[in-house]
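# Summary of the model geometry
Read off the chains here:
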Amino acid sequence: MIGREDNVTSDLSHSETLVLNLLQANPDSTFSFEELVRCLPELHWSAVFSAVDQLSRCGAIEMRRKGFDYVLRSAGSTSEYTVGV
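Residues numbered from 1 in each chain as written. Predicted model: local features only at pLDDT ≥ 70, side-chain atom pairs only at ≥ 80, totals over all residues. Heavy atoms only, no water.

### Remarks on the overall build of the chain
- Broken down by element type, the chain carries four helices and three strands.
- Shown N-terminal to C-terminal, the secondary structure of the chain runs as helices and strands in the order α-α-β-α-α-β-β.
- Counting every position in the chain, which comprises 85 residues, the buried fraction comes to 31%.
- Carbon and sulfur atoms make up 52% of the accessible area of the chain, which amounts to about 5,600 Å² in all. (Helix = DSSP H or I, 4+ residues; strand = E, 2+ residues; numbered from the N terminus. Buried < 20%, exposed > 50% of the residue type's maximum accessible area, 1.4 Å probe, protein only. Areas by Shrake-Rupley, 256 points an atom, 1.4 Å probe, with all protein chains shown as cover.)

This is the structure we're talking about:
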């Protein structure tokens, strides 16, 4: 039987794979959207946005609101979100 994570990763686009790999490589970190864009200069911001949208909808990444922004992390991360004042 194929696990949920196997199903998610087998159907990813190139940009979704890059975003997910970055987040999974840093499991104890959260990233703002702007940080993701800076870390992935090979992708246009719209490709990063589309990847984040798709990955959050399928549950591969988690988004939390932090003020007027969102922070992102891999859904398998063990760290708690850092919520600023």
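### Notes on the pairing of strand β2 (residues 61-66)
- Two elements, β2 and strand β3 (residues 69-74), share six bridges in a ladder whose sense is antiparallel. Within the sheet, the bridge partner assigned to Lys66 lies in β3 and is Asp69.
- As consecutive antiparallel partners, β2 and β3 are separated by two residues, and within that stretch Gly67 has a phi angle of approximately 65°, a positive value. (Pairing = 2+ DSSP bridges.)

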